[in-house]
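The lines below spell out each chain.
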Amino acid sequence: MPIIVNLDVMMAKRKMSLNELSDKVGLTLSNLSILKTGKAKAVRFSTLEAICQVLECQPGDILEFVEED
């Protein structure tokens, strides 16, 4: 998939655990884990906004487009 999710990188930079992010964003651990591992097929803008607010980052810090060969 050409969209790479760098949520784990941003969480590490902010020294935040999955449990802490889950509590602050209001998502279940399982849904956040699916997003973090790149298995999500879609993400709501409201979810992306909440994650960016908590992690104090931009959507481009979390999502990256990489062309496939």
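About the thresholds
- Residues numbered from 1 in each chain as written.
- Predicted model: local features only at pLDDT ≥ 70, side-chain atom pairs only at ≥ 80, totals over all residues.
- Heavy atoms only, no water.
- Axes fitted to C-alpha atoms, helices over the stretch in contact; angles between N-to-C directions.
- Helix = DSSP H or I, 4+ residues; strand = E, 2+ residues; numbered from the N terminus.
- Parallel < 35°, antiparallel > 145°, perpendicular 65-115°, else oblique.
- Left-handed = near helix turned anticlockwise from the far one by under 90°.
- Contact = heavy atoms within 4.5 Å.
- Nonpolar A, V, L, I, M, F, W, Y, C, P; charged D, E, K, R; others polar.
- Core = buried A, V, L, I, M, F, W, Y, C linked by side-chain atoms within 4.5 Å.
- Buried < 20%, exposed > 50% of the residue type's maximum accessible area, 1.4 Å probe, protein only.
- Salt bridge = Lys/Arg side-chain N within 4 Å of Asp/Glu carboxyl O.

(A) Looking closely at the packing of helix α2 (residues 18-25) against helix α3 (residues 29-36). Following both chains from N to C, one finds α2 and α3 inclined at 115°, their axes separated by 9 Å at the closest point. Between α2 and α3, the angle falls in the class roughly perpendicular. Considering only the axes of α2 and α3, their crossing is right-handed. Along the contact surface, α2 presents Leu18, Asn19, Leu21 and Ser22, while α3 presents Leu29, Leu32, Ser33 and Lys36. Classifying every residue of the contact of α2 with α3 by side-chain character gives four nonpolar, three polar and one charged.

(B) Examining unusual backbone geometry more closely. The backbone of lysine 15 sits at a positive phi, close to 55°, despite the residue not being glycine. For lysine 15, the location among the structural elements is in the loop between α1 (7-13) and α2.

(C) The arrangement of the nonpolar core in detail. Formed by 16 residues in total, the largest nonpolar core has its most connected members in Leu7, Leu21, Ile51, Leu55, Cys57 and Ile62. Those elements that place two or more of their residues in this core are α1, α2, α3 and α4 (45-55). Contact partners of cysteine 57, with chain neighbours within four places excluded, come to Met10, Arg14, Cys52 and Ile62.

(D) Looking closely at the pattern of salt bridges. For the structure on display, the rule yields one salt bridge. In this structure, the salt-bridge partner of lysine 24 is glutamate 20, at a minimum N-O distance of 3.3 Å. One end of the pair is lysine 24 and the other is glutamate 20, both in helix α2 and four residues apart, which spans about a single turn. In this structure glutamate 20 comes out as partly exposed when scored by relative accessible area, which is 32%.

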